[in-house]
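Chains, contacts and geometry: an overview
So the chains spell out like this:
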Amino acid sequence: MSLEPVAGKPSVSVLDWQFPSIEPVRAPGEVGLPSEDDLERLAEVSWLLEEAPAEEILTWAVKIFFPHLTMATAFGPEGCVILSILAKIEPRVRVFNLDTGYQFQETLALRDRIAKELGIQVELAKPETSVEEYERTHGGPLYKTNPDRCCFDRKIQVLRREVVGYRAWISGIRRDQSAHRANAPVVGWDKKFGLVKINPLVNWRKGQVWQRILDENIPYNPLHDQGYPSIGCWPCTRPVLFGEDERAGRWSGTAKTECGLHLSDETSPPPPTQFGNL
């Protein structure tokens, strides 16, 4: 690592700490509990990395956790920036996309561009049931009547399956995106999924992300040029209006603002629909 000691902060040797009590996830939904020592170490590392460049945060993550390190991406601008950095540091980090079956075609086409231009293959992690089967089971599109359940079944449950065998995952969230993300650390313990969560762009601003994309000609979703600052599933995403929050186009007209992946781990799963659980 090339980090220099920061005045008033612990020695840079802290970045060599290991976390013996944090083992790979053994089964979907099986959440482990690190020791108090390891939780304290994560907090200290996060504090030390608070002002570090994303490249150094990701270099640390690879050094400590690879090959038990993974990344989930929805191909947002932040994710594209992180992928461009990983391509230089360690392109073998497994990256996957939660393919709900409702994604924009532009999003899926971006996956191919990233493979061609950055050399990173992003796997499509799909739910066990197709869109047709899922809607038939629930008597129609569940995103219209119970979007929380739809996200839970087609995103959260899939992520729980995909992180089996890993100790840490990389996320592209920023603190200024929403109130739910305002206190996110650079490095922390994700109790919901039983992993260390690494947020290398957490203290970036939107303008910084786009400046990096333009400076380095990083591939991005063309829907961003059409008024979509935040892109999810096509039925639940619209362009934003002038002056609106960048996530105002997600689940518009409802109180829902998050799919649940980045909500606090104490959040309960949504109730089943009248058609029952899958």
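Residues numbered from 1 in each chain as written. Predicted model: local features only at pLDDT ≥ 70, side-chain atom pairs only at ≥ 80, totals over all residues. Heavy atoms only, no water.

1. Description of the pattern of salt bridges
When their charged atoms lie close together, side chains carrying opposite charge are able to pair. What the rule picks out here adds up to 18 salt bridges. The shortest N-O distance in the salt bridge between E50 and R175 comes to 2.7 Å. Of the two residues, E50 sits in the loop between α1 (36–48) and α2 (54–65) while R175 sits in the loop between β4 (168–170) and β5 (187–190), which places them 125 residues apart along the sequence. Overall, E50 belongs to the partly exposed group, its relative accessible area being 22%. Accessibility expressed as a relative area gives 21% for R175, which makes it partly exposed. Residues E216 and R212 are paired through a salt bridge, measuring 3.7 Å at the closest nitrogen-oxygen approach. Taken as a pair, E216 and R212 lie in helix α8 (residues 206–216) at a separation of four residues, close to a single helical turn. Each member of the salt-bridge network shares a partner with another, and the members are E55, K88, R212 and E216. (Salt bridge = Lys/Arg side-chain N within 4 Å of Asp/Glu carboxyl O. Helix = DSSP H or I, 4+ residues; strand = E, 2+ residues; numbered from the N terminus. Buried < 20%, exposed > 50% of the residue type's maximum accessible area, 1.4 Å probe, protein only.)

2. A few points about the sheet that holds β5
Taken in spatial order, the six strands line up as β3-β2-β1-β4-β6-β5 in an open sheet, and their pairing is mixed. In this open sheet, the two strands that pair with only one neighbour each are β3 (122–125) and β5. Put simply, the sheet's adjacent strands are angled 35° from each other on average, direction ignored. Sheet topology places strand β1 (residues 69–72) next to β4; three bridges connect them, and they run parallel. The residue of β4 that forms the bridge with M71 is I170. Of the strands in this sheet, β1, β4, β5 and β6 (195–198) are in contact with α2, which crosses β6 at around 160°. Sheet strands in contact with helix α7 (residues 147–162) are β1, β2 (94–98), β3 and β4, and its direction is about 160° off that of β2. (Pairing = 2+ DSSP bridges. Axes fitted to C-alpha atoms, helices over the stretch in contact; angles between N-to-C directions. Contact = heavy atoms within 4.5 Å.)

3. A look at the environment of C80
Along the polypeptide, C80 turns up in helix α3 (residues 77–89). As a C-alpha pair, C80 and I218 span 138 residues in sequence and 7.0 Å in three-dimensional space. When residues no more than four places from it in sequence are discounted, the contact partners of C80 are F75, L110, I114, L118, I218, P219 and Y220.

4. What about the side chain of D99?
Turning to its location among the elements, D99 is positioned in the loop between β2 and α4 (105–118). Side-chain polar atoms of D99 contact the side chain of K126, separated by 2.6 Å. Not counting chain neighbours up to four residues away, the residues in contact with D99 comprise L108, L124, A125, K126 and P127. (Polar contact = N/O pair within 3.5 Å; in protein donor to acceptor, adjacent residues only side chain to side chain.)

5. Observations concerning α7
Under the 1.5 Å per step criterion, the end-to-end length of α7 is 22 Å for 16 residues, consistent within 8% with the ideal 22 Å. A maximum bend of about 30° is found in α7 at D153. Among the residues of α7, P147, R149, C150, C151, F152, D153, R154, K155, I156, V158, L159 and E162 are the ones counted as buried. Elements that come into contact with the buried residues of α7 comprise β1, β2, β3, α5 (131–137), α6 (142–145) and β4. (Expected span 1.5 Å × (residues − 1). Bend = angle between axes of the 7 residues up to and from the residue.)

6. Structural notes on the pairing of β5
Here four bridges tie β5 to β6, and the two strands are oriented antiparallel to one another. Pairing of G188 across the sheet is with K197, part of β6. What sits between β5 and β6 in their antiparallel hairpin is a turn of four residues, with G194 showing a positive phi close to 70°.

7. With respect to the packing of aromatic side chains
Summed over all chains, the structure comprises seven aromatic pairs. Ring geometry for Y102 versus Y143: centroids 5.2 Å apart, planes at 85°, classification edge-to-face. With a gap of 41 residues between them, Y102 in the loop between β2 and α4 and Y143 in helix α6 connect regions that are remote in the sequence. Comparing Y102 with Y143, the two get one shared label, buried. An aromatic cluster of three or more residues is present, and its members are F19, W60 and F65. The residue whose ring lies beneath R41 is W17, and the NZ or CZ to ring-centre distance is 5.1 Å. Sitting over the face of the ring of Y134, R154 holds its NZ or CZ atom 4.8 Å from the ring centroid. (Phe/Tyr/Trp six-rings, centres within 6.5 Å; stacked < 30°, edge-to-face > 60°. Lys NZ or Arg CZ within 6 Å of the ring centre and 35° of its normal.)

So yeah, pure geometry; function would need other evidence.
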